[in-house]
Amino acid sequence: MNMKELTIISGKGGTGKTSLVASFAALAENKVIVDADVDAADMHLVLEPSVKREAEFMGGHTAQIRPDICNQCGECRERCQFDAVSDDFVVDSIACEGCGVCVHFCPADAIEFPRRLSGKWFVSETRNGPMIHARLGIAEENSGMLVSLLRKEARKLADKKRLEMIITDGPPGIGCPVIASVTGSDAVLIITEPTLSGLHDMKRVGELADFLKVPALLTVNKYDLNPEITRQIESFSRENHIVFTGTIPYDPAVTSAMVAKKSLVEFSDTPAALAIRNIWERVSTYMQT
Amino acid sequence: MILSIASGKGGTGKTTVATNLAAALECPVRLLDCDVEEPNAHIFLKPEITERETVTAVVPDVDLSKCEYCGACGDICQFSAIVAAGETVMTFTEMCHSCKGCMMVCPTGAISESSRTLGEIIKGVSGQVELVYGSLRVGEAMSPPMIRKVKEEVRTEGLTVIDAPPGTSCPVIESIRNTDYVILVTEPTPFGLNDLMLAAEAVRALDIPFGIVLNRCDSGDDNTHRYAREQGIPILMEIPDKREIAEAYSKGHLMIEAFPEMKVGFKNLMGECVKRET
Amino acid sequence: MKLAITSDGTTLSSETDPRFGRAAYFILADPDTLEYEVIENRQNINLPQGAGIQAARTIVNACADALITGNCGPKAFTVLQKAGIEVLPGAKGKVEDVIEQYKKGAFTPAKSANVDGHWV
């Protein structure tokens, strides 16, 4: 089976990733949706998943000093590169990188090194098909690892149910969770907005896709906010082998649809909804070839 | 005072609030843009660049002529960044967290410090605002060390404003920890509210006082107001949803330049934060 | 000659496991005598990251000459290549059948990883 994976990213946050993916979820058939924006997941607000299976996500390790054994020799404090051990020998779990150096060198064997429960992930059913999503614990790390896990589970599910496509709603930025969302995808769709910030961030995320050797497609949301920058983005994409899939006009119905817990294409037939349908046509044709 | 500006959801206006606040105060302010993955503050402040510095992380470099293939380096590494297999040792420096464990355990001193480029720190001046921002190298996964580096520029005297990245996980925590007050910028939509609730939990976990700036306040629904009321979180400022504001933003203009009457709003915002800091 | 094969069971009639880093077991077999030993990979399966690298290390330390698996990612491939172990991807079916195919020369050594890493 020739299963394909499309990841939607933006660089800049708030350009409309989740709204677009929610519409794709209504338009695409035989697919699984992944919400990979694990530290600010929103897709469930539109797709209203019913959870079929949930599991714990164990992240990295954290050092814990046992005060009953610790003789306060200071070896751990001296060796820790992350200033994670306090003056009174308590490990700051937020600063601790989970490297295990203190555990190894503690002469009293006073440091435990458990893996931490960093979140939960879910396999769910929605009105628009299966969905894999997660909730990262507050102030937890390793979201890249959780993203990798979600994508792996999506692959398993797609294999089992003979689904043709995985559509992944990625996180903003260009760092670890984004790299984990994009690596090995068949294509990324970058959604940006015609602002100088949007342009700046789109270039960086386009560069990242290129670095990871994943072909990139692009769409401009709220293009009519600044037609001049929209033109600049379009010509940038042409010069950099990024497939331009069209533009979406500004539409207050996007927020109304969100409030109504619907995707835009389910909610209305506004020009923006029509534009998204056309973009989906182009994207799905691209993915099939 | 160190004031940090965060939000769960991206694109709600963190940078807008950070840059306009810093520029509106008409006094010396240091602004640290900690959204090192996608820094934007410089687009609005257009600073005159005074300094650029490459930021690196320590990674291992193995001298195989001194190596006895004991495997201790690979055993201590939690990140598979160094591996001893048979008669060879290999490093995967992009996975290295710079704990120096391998160097500490090596019995023959075969491992020395090399470096991996994380990105660049850029400093500049725009009026009374001193801007420092980090720019993560494209392809580099780890932003927290870069954020730590930007945060070394915090001033103990006067006002430092920190523009945090979106989300609620490690990069955000790294940006807002050890600050005196947090402004959470959000918009009154279901996504905005959901992510605001996550961000509020994160700030509470750090035990820092915080308030809300509601951007595009007349869009969406009234659930965010209700949430703030129920939780006793102050709404410090509301910014209207106006196409003219969005257009000015798109061109990289500060709101207080395009709409000078808004200056007083940001000055009041600062006053509210100072009042509630303790 | 020692041939390492990724497997989801502990006998020659077990199915091969297409995964390398997170394979359940490695079967280390002599293709001529069909004598074999089983190496568990449980310690690597649950690693948060670097499972492929650690699995490669296991194979190197077991002194295998070649590895037959389904897919091999870039970092594991680098480790195996550096240790001079041939990587033969594309295994399907039972371990014993794969050994037969190997003896007939059905596998071609990979020149590079055949899948992307899960983590950069």
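Because the structure is predicted, anything quoted here is derived from the model rather than measured.

Our focus in this paragraph is the overall build of chain B. The helix and strand inventory of chain B stands at 11 helices and 11 strands. Oriented by its inertia axes, the alpha-carbon framework of chain B measures out at about 70 × 40 × 35 Å. For chain B, the residues scored as buried account for 63% of the 278 residues in total. Residue pairs in contact within chain B that sit at least 24 positions apart in sequence constitute 72% of those at least 6 positions apart. As presented, chain B carries roughly 10,200 Å² of accessible surface, and 46% of it is formed by carbon and sulfur atoms. Here chain B contributes 26 positively and 40 negatively charged side chains, and the mean placements of these two sets differ by 4 Å.

So, on to the overall build of chain C. If you tally the helices and strands in chain C, you get four helices and five strands. For chain C, the α and β elements follow one another from N to C terminus as β-β-β-α-α-β-α-β-α. Radius of gyration (C-alpha) of chain C: 13 Å, near the 14 Å computed for a compact globule of 120 residues. Surface exposure of chain C reaches about 5,400 Å², of which carbon and sulfur atoms provide 48%.

If you look at the interface, chain B gives 16 residues, while chain C gives 12 residues. Summing the contributions of chain B and of chain C, the shared interface buries around 1,300 Å²; its carbon and sulfur component is 65%. On the chain B side of the contact with chain C, Ser80, Met90 and Met95 of chain B bury the most area, a combined 33% of that side's loss. Applying the counting criterion to the chain B and chain C interface returns two salt bridges. Of the charged contacts, one joins Lys75 of chain C and Glu94 of chain B as a salt bridge, the two residues approaching to 3.6 Å between their closest N and O atoms. Remark: the boundary between chain B and chain C carries four residue pairs in polar contact (both at pLDDT 80 or more). Grouping the constituent residues of the side of chain B that touches chain C by class yields nine nonpolar, five polar and two charged.

On to the interface of chain A and chain B. Every contact between the two is made by 62 residues of chain A and, on the other side, 57 residues of chain B. When the two sides are added together, the surface that chain A and chain B hide from each other amounts to roughly 4,700 Å², 60% of it contributed by carbon and sulfur. In this structure, Arg177 of chain B engages Asp92 of chain A in a salt bridge whose closest nitrogen and oxygen atoms are separated by 2.9 Å. Counting every contact that joins chain A to chain B gives 25 residue pairs in polar contact (both at pLDDT 80 or more). Broken down by class, the residue content of the side of chain A that touches chain B amounts to 28 nonpolar, 20 polar and 14 charged.

Considered domain by domain, chain B is made up of domain 1 (2-55 + 119-277) and domain 2 (64-109). Between domain 1 of chain B and domain 2 of chain B, the C-alpha centre-to-centre distance is 40 Å.

The biggest cluster of nonpolar side chains holds 65 residues, and the ones touching the most others in it are Ile65 of chain A, Ile82 and Ile111 of chain B together with Phe20, Ile59, Val79 and Leu80 of chain C. Per-element tally for this core: the top contributor is helix α2 (residues 51-61) of chain C, with five residues. Once residues lying within four places of it in the same chain are set aside, the contact partners of Leu80 of chain C are Phe20, Ala56, Ile59, Val60, Leu67, Cys72, Ile85 and Val87 of chain C. Judged by nonpolar contacts, the second largest core, of 40 residues, contains Met1, Ala22, Ile183 and Leu269 of chain B.

This paragraph deals with the environment of Ile111 of chain A. All names here are of chain A. Among the structural elements, Ile111 can be located in strand β5 (residues 111-112). Each C-alpha atom of the pair Ile111 and Glu234 lies 56 Å from the other, and the pair is 123 residues apart in sequence. Aside from chain neighbours lying at most four places away, what touches Ile111 is Ala63, Gln64, Ile65, Cys76, Cys102, Val103 and Cys106.

This next bit is on the packing of helix α7 (residues 196-211) of chain A against helix α8 (residues 227-239) of chain A. All names here are of chain A. Relative to each other, α7 and α8 sit at 10°, their axes nearing to 10 Å. One finds that α7 runs roughly parallel with respect to α8. For the pair α7 and α8, the contacting residues are Leu196, Leu199, Met202 and Lys203 in the first and Ile229, Gln232, Ile233 and Phe236 in the second. Of the residues contributing to the contact of α7 with α8, the split by class is six nonpolar, one polar and one charged.

To continue, consider the sheet that holds strand β3 (residues 50-61) of chain A. Residues and elements named next belong to chain A. Reading across from one edge, β3-β6-β7-β2-β8-β1-β9-β10-β11 is the order of the nine strands in this open sheet, with mixed pairing throughout. The two strands at the open ends of the sheet, each matched to only one other strand, are β3 and β11 (243-248). Shown here is a sheet whose adjacent strand axes are inclined to one another by a mean of 20°, direction ignored. Of the strand pairs in this sheet, strand β6 (residues 115-126) and strand β7 (residues 129-136) are connected by eight bridges, and their pairing is antiparallel. Within β7, the residue paired with Glu125 across the bridge is Pro130. Contacts between α7 and the sheet are confined to β1 (4-9), β9 (187-192) and β10 (216-221), with β9 contributing the most and set at about 175° to the helix.

Moving on: the confidence of the model for chain C. Per-residue confidence for chain C gives a mean pLDDT of 88; residues scoring 70 or more make up 95%. Two numbers describe this predicted complex: its pTM, 0.92, and its ipTM, 0.94.

With that out of the way, let us pick up the packing of aromatic side chains. One pass over the full model with this rule turns up three aromatic pairs over all chains. Relative to Trp280 of chain A, the ring of Phe24 of chain A lies with its centre 4.8 Å away and its plane at 50°, an arrangement referred to as tilted. Of this pair, Phe24 of chain A sits in helix α1 (residues 17-27) while Trp280 of chain A is found in helix α11 (residues 271-288), placing the two residues 256 residues apart along the sequence. Trp280 of chain A carries the same exposure label as Phe24 of chain A, and that label is buried. Aromatic side chains Phe44 of chain B and Tyr249 of chain B sit 5.0 Å apart centroid to centroid with 35° between the ring planes, which places their arrangement in the tilted category. Of this pair, Phe44 of chain B sits in helix α2 (residues 41-45) while Tyr249 of chain B sits in helix α9 (residues 243-250), and the two are 205 residues apart along the sequence.

We now examine helix α1 (residues 14-24) of chain B. Burial analysis of α1 of chain B places 10 of its 11 residues in the buried class, the great majority of the element. If you check which residues of α1 of chain B are buried, you get Lys14, Thr15, Thr16, Val17, Ala18, Thr19, Asn20, Leu21, Ala22 and Ala24 of chain B.

What follows covers the pairing of strand β9 (residues 181-186) of chain B. Residues and elements named next belong to chain B. With six of six residues buried, β9 is to be regarded as a mostly interior element. A two-sided burial pattern is seen for β9, the buried positions comprising Tyr181, Ile183 and Val185 on one face and Val182, Leu184 and Thr186 on the other. The sheet contact formed by strand β1 (residues 2-6) and β9 spans four bridges and is parallel. Each bridged residue has a counterpart across the sheet, and for Ile5 the counterpart in β9 is Ile183. Bridging between β9 and strand β10 (residues 210-215) involves five bridges; their strand directions are parallel. Residue pairing for β10: Thr186 is matched across the bridge by Leu214. On the question of chirality, the crossover connecting β9 to the parallel β10 by way of helix α7 (residues 190-206) is right-handed.

Moving on, we come to the state of the cysteines. All names here are of chain A. Tallying each qualifying case throughout the model produces zero disulfides over all chains. Lacking any disulfide linkage, Cys70 is separated from the closest cysteine sulfur, that of Cys76, by 6.2 Å. Cys106 takes part in no disulfide bond, and the closest cysteine sulfur to it belongs to Cys73, at a distance of 6.1 Å.

A few words now on α11 of chain A. Residue and element names in this part refer to chain A. Taking 1.5 Å as the rise per residue, α11 with 18 residues should run 26 Å; its terminal C-alpha atoms sit 26 Å apart, in good agreement. For α11, the set of buried residues is Ala272, Ala273, Ala275, Ile276, Ile279, Trp280, Val283, Ser284 and Met287. Projected onto a plane normal to the axis of α11, the buried residues spread over an arc of 165° and lie on a single side. Facing away from the buried surface of α11 by more than 90 degrees, the exposed residues are Pro271, Leu274 and Gln288.

The rules behind each value
- Residues numbered from 1 in each chain as written.
- Chains lettered and ligands numbered in written order.
- Predicted model: local features only at pLDDT ≥ 70, side-chain atom pairs only at ≥ 80, totals over all residues.
- Heavy atoms only, no water.
- Helix = DSSP H or I, 4+ residues; strand = E, 2+ residues; numbered from the N terminus.
- Buried < 20%, exposed > 50% of the residue type's maximum accessible area, 1.4 Å probe, protein only.
- Contact = heavy atoms within 4.5 Å.
- Areas by Shrake-Rupley, 256 points an atom, 1.4 Å probe, with all protein chains shown as cover.
- Lys, Arg positive; Asp, Glu negative; His and termini not counted.
- Charge placed at Lys NZ, Arg CZ, Asp CG, Glu CD.
- Rg over C-alpha atoms; globule rule 2.2 N^0.38 Å.
- Buried area = accessible area lost by both parts, 1.4 Å probe.
- Salt bridge = Lys/Arg side-chain N within 4 Å of Asp/Glu carboxyl O.
- Polar contact = N/O pair within 3.5 Å; in protein donor to acceptor, adjacent residues only side chain to side chain.
- Nonpolar A, V, L, I, M, F, W, Y, C, P; charged D, E, K, R; others polar.
- Domains from an automatic or database assignment.
- Core = buried A, V, L, I, M, F, W, Y, C linked by side-chain atoms within 4.5 Å.
- Axes fitted to C-alpha atoms, helices over the stretch in contact; angles between N-to-C directions.
- Parallel < 35°, antiparallel > 145°, perpendicular 65-115°, else oblique.
- Pairing = 2+ DSSP bridges.
- pLDDT = per-residue confidence, 0-100.
- Phe/Tyr/Trp six-rings, centres within 6.5 Å; stacked < 30°, edge-to-face > 60°.
- Right-handed = clockwise from strand over helix to strand, strands pointing away.
- Disulfide = S-S within 2.5 Å.
- Expected span 1.5 Å × (residues − 1).
- Arc of directions from axis to C-beta.

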